[in-house]
Amino acid sequence: QVQLVDSGGGSVQAGGSLRLACAASGRAFSTSVMGWFRQALGTEREFVAAIGWSGDTNYADSVKGRFTISRDSAKNTMYLQMNSLKPEDTAVYYCAAGGSLYGSSRTYDYWGSGTQVTVSS
């Protein structure tokens, strides 16, 4: 029922900013929990941020104060604004839908194909 296309990745210097987008198709978008996960080379996929249908949010400690998750139901799009980027933020970022606000990646039903974020020192 839901298909996701993530975009907006790129290469930036430490301290820079990027804005990721996740375009969703499907009737369930406005009522689904959505989130962002990332996976660095040689590591496990880790939680970044999530947003509920009512606008409640959850962030990993490593990105609190730097990243902001949002969603625009009218445009069927979720965003991740990333500021003050650090080299350790380098990873493939994946958007996901259908999970739990405080759940792991295993709770999500739909996934984008990923977008690369590279932060150089």
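Thresholds applied
- Residues numbered from 1 in each chain as written.
- Predicted model: local features only at pLDDT ≥ 70, side-chain atom pairs only at ≥ 80, totals over all residues.
- Heavy atoms only, no water.
- Disulfide = S-S within 2.5 Å.
- Helix = DSSP H or I, 4+ residues; strand = E, 2+ residues; numbered from the N terminus.
- Buried < 20%, exposed > 50% of the residue type's maximum accessible area, 1.4 Å probe, protein only.
- Pairing = 2+ DSSP bridges.

(A) How the structure looks around the state of the cysteines. By the definition in use, this model includes one disulfide. A disulfide bridge connects Cys 22 with Cys 95, and the sulfur atoms are separated by 2.3 Å. A torsion of 60° about the S-S bond marks the disulfide between Cys 22 and Cys 95 as right-handed. With a gap of 73 residues between them, Cys 22 in strand β3 (residues 18–25) and Cys 95 in strand β9 (residues 91–97) connect regions that are remote in the sequence. Accessibility classification places Cys 22 together with Cys 95 in one group, the buried group.

(B) The arrangement of the pairing of β3 in detail. One ladder, built from five bridges, connects strand β1 (residues 3–7) with β3; its direction is antiparallel. Paired with Ser 7 across the two strands is Ala 21, which belongs to β3. Relative to strand β8 (residues 77–82), β3 is paired through six bridges, and the arrangement is antiparallel. Looking across to β8, one finds that Leu 20 is bridged to Leu 80.

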